[in-house]
Amino acid sequence: MSALSALLFHWRILPRLVQAMSWLLVKTLGVGGAVGVSTAANVFVGMVEAPLLVKPYLARVSRGELFIILSAGMAGVAGTVMALYAGIVGPRIPGALGHILAASFISAPAAIVFSVLLIPPQGAPTGSEVSLERVDASSMDAITRGTAEGLQLLLNIVAMMIVLVALVALANSLLALVPVGGSPLSLQRALGLLMAPLAWLAGVGWDEAGTAGALLGTKTILNELIAYIDLAALPPEALSERSRLIMLYALCGFANLGSLGIMIGGLTAMVPERRAEIVAIAPRSLVAGTLATLSCGASVGMLH
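This one's a predicted model, so the numbers in the text were calculated from it and none came from an experiment. (Residues numbered from 1 in each chain as written. Predicted model: local features only at pLDDT ≥ 70, side-chain atom pairs only at ≥ 80, totals over all residues. Heavy atoms only, no water.)

Draft legend 1. The pattern of salt bridges, seen in detail. Per the stated rule, a full pass over the model turns up two salt bridges. The shortest N-O distance in the salt bridge between Glu277 and Arg63 comes to 3.9 Å. Residue Glu277 is located in helix α14 (residues 275-303), and its partner Arg63 is located in helix α5 (residues 63-75); the two are separated by 214 residues in the primary sequence. Between Glu277 and Arg274 there is a salt bridge; the shortest N-O distance is 2.9 Å. Residue Arg274 is classed as buried on the basis of its relative accessible area of 8%. Each of Arg63, Arg274 and Glu277 takes part in one network of salt bridges that share partners. (Salt bridge = Lys/Arg side-chain N within 4 Å of Asp/Glu carboxyl O. Helix = DSSP H or I, 4+ residues; strand = E, 2+ residues; numbered from the N terminus. Buried < 20%, exposed > 50% of the residue type's maximum accessible area, 1.4 Å probe, protein only.)

Draft legend 2. Focus on the side chain of Thr290. Along the chain, Thr290 falls in helix α14. From its side chain, Thr290 meets the backbone oxygen of Leu286 in a polar contact 2.8 Å long. Every residue in contact with Thr290, bar those within four places of it in the chain, is listed here: Met195, Lys219 and Ala255. (Polar contact = N/O pair within 3.5 Å; in protein donor to acceptor, adjacent residues only side chain to side chain. Contact = heavy atoms within 4.5 Å.)

Draft legend 3. Examining a nonpolar patch on the surface more closely. Residues Val163, Leu167, Leu170, Leu174, Leu177, Val178 and Val180 make up a contiguous nonpolar surface patch of about 660 Å² in total accessible area. The residue Leu177 is located in the loop between α8 (139-175) and α9 (187-201) in this model. For Leu177, a relative accessible area of 68% translates into the label exposed. (Patch = residues over 30% accessible without salt bridge, like charges linked within 9 Å, V, L, I, M, F, W, Y side chains within 5 Å. Areas by Shrake-Rupley, 256 points an atom, 1.4 Å probe, with all protein chains shown as cover.)

Draft legend 4. Expanded view of the packing of aromatic side chains. Within the structure shown, the criterion is met by three aromatic pairs. Ring centres of Phe44 and Phe105 lie 6.1 Å apart, and the angle between their planes is 85°; on these two criteria the pair is classed as edge-to-face. With Phe44 in the loop between α3 (33-41) and α4 (49-52) and Phe105 in helix α7 (residues 96-118), this residue pair connects regions lying 61 residues apart in the sequence. When the ring of Trp200 is compared with that of Trp206, the centres are 6.1 Å apart and the planes differ by 85°; the resulting orientation is edge-to-face. (Phe/Tyr/Trp six-rings, centres within 6.5 Å; stacked < 30°, edge-to-face > 60°.)

Draft legend 5. Looking closely at the side chain of Arg244. Following the sequence through the fold, Arg244 ends up in helix α12 (residues 241-250). Among the polar contacts made by the side chain of Arg244, one reaches the main-chain carbonyl oxygen of Leu239 at a distance of 3.3 Å. Leaving out residues up to four positions away in the same chain, Arg244 has contacts with Arg92, Ile93, Leu231, Leu234, Pro235, Pro236 and Leu239.

Draft legend 6. Region of interest: α3. The buried fraction of α3 amounts to nine of the nine residues, a majority that puts the element mostly inside the structure. What α3 keeps buried is the set Gly33, Ala34, Val35, Gly36, Val37, Ser38, Thr39, Ala40 and Ala41.

Draft legend 7. Summary view of the packing of α3 against α5. The interhelical angle for the contact between α3 and α5, taken along N-to-C directions, is 5°, at an axis separation of 9 Å. If you check the angle between α3 and α5, you find them roughly parallel. Of α5, the residues touching α3 (which contributes Val35, Ser38 and Thr39) are Glu65, Ile68, Ile69 and Ala72. Residues belonging to the contact of α3 with α5 are distributed by class as follows: four nonpolar, two polar and one charged. (Axes fitted to C-alpha atoms, helices over the stretch in contact; angles between N-to-C directions. Parallel < 35°, antiparallel > 145°, perpendicular 65-115°, else oblique. Nonpolar A, V, L, I, M, F, W, Y, C, P; charged D, E, K, R; others polar.)

Put into structure tokens, the structure is as follows:
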């Protein structure tokens with residue numbers, strides 16, 4: 001947990017917010033307390049900081065529950081970057097910050113739904129009551145503990161990110177040798193073509209699906225920040241107002257290859273005894289996270 005998150009936890013700000021939303025998820029979706037707390041925390045903190053709140057339970061949650069924890073991280077974005085994304089797309093989409101806040105909240109239950117469809121949890125839910133008690137004696141103690149834990153996670157995360165980003169760069173260099181349509185091929189461009197039908201299913205018009213699919217491909221292979229920059233740079237005629245709003249929600253998630261490296265690096269550092277299991281199911285969390293954000297976009301498109 002970062003030093004800032006540890007401070008917010010010590011001051012009882014985060015626990016109150018997380019426990020309120022966790023209670024709602026547990027009561028409405030029937031998940032266990034461990035899954036509820038981690039999923040709720042993803043609305044406020046990052047994909048690695050959220051599981052830290054239920055670290056004592058990670059060794060004994062079921063495979064399906066572990067998958068929900070991974071997928072919830074992929075489907076949401078940290079509160080620290082919401083204002084940044086809103087500032088990028090705000091000139092094109094009125095009320096962007098409100099929409100991004102809404103996307104962060106509704107993606108949590110959506111992630112649970114798609115996770116359960118892909119890997120159903122087995123057995124009784126883990127942790128009927130997960131209490132987020134204050135564990136630090138003082139603010140300085142919280143800063144010290146948060147810094148130490150953050151450093152341990154950082155080493156694992158950076159190593160995984162370097163490897164995955166290097167593999168993407170290598171693949172794009174090889175694909176660039178095969179030009180398609182007069183321009184070099186890349187992983188994000190190829191995936192964008194495959195994801196155009198998903199954009200159409202989410203409510204984007206078929207004549208705009210190619211553009212929307214390209215944004216989804218960029219978000220998945222690179223990250224959502226670059227995809228939002230591309231969305232803001234599109235000419236007005238490229239996407240309708242409704243399609244832009246759908247894509248704002250569909251792109252609002254950490255489901256990309258870089259985040260996959262962060263997730264694997266962070267979770268395997270917390271529960272090294274489940275390393276093989278985490279590595280096996282983590283790639284499928286990309287699918288669950290992407291489907292969750294697309295469903296959020298589809299829901300908003302139906303109401304717009």
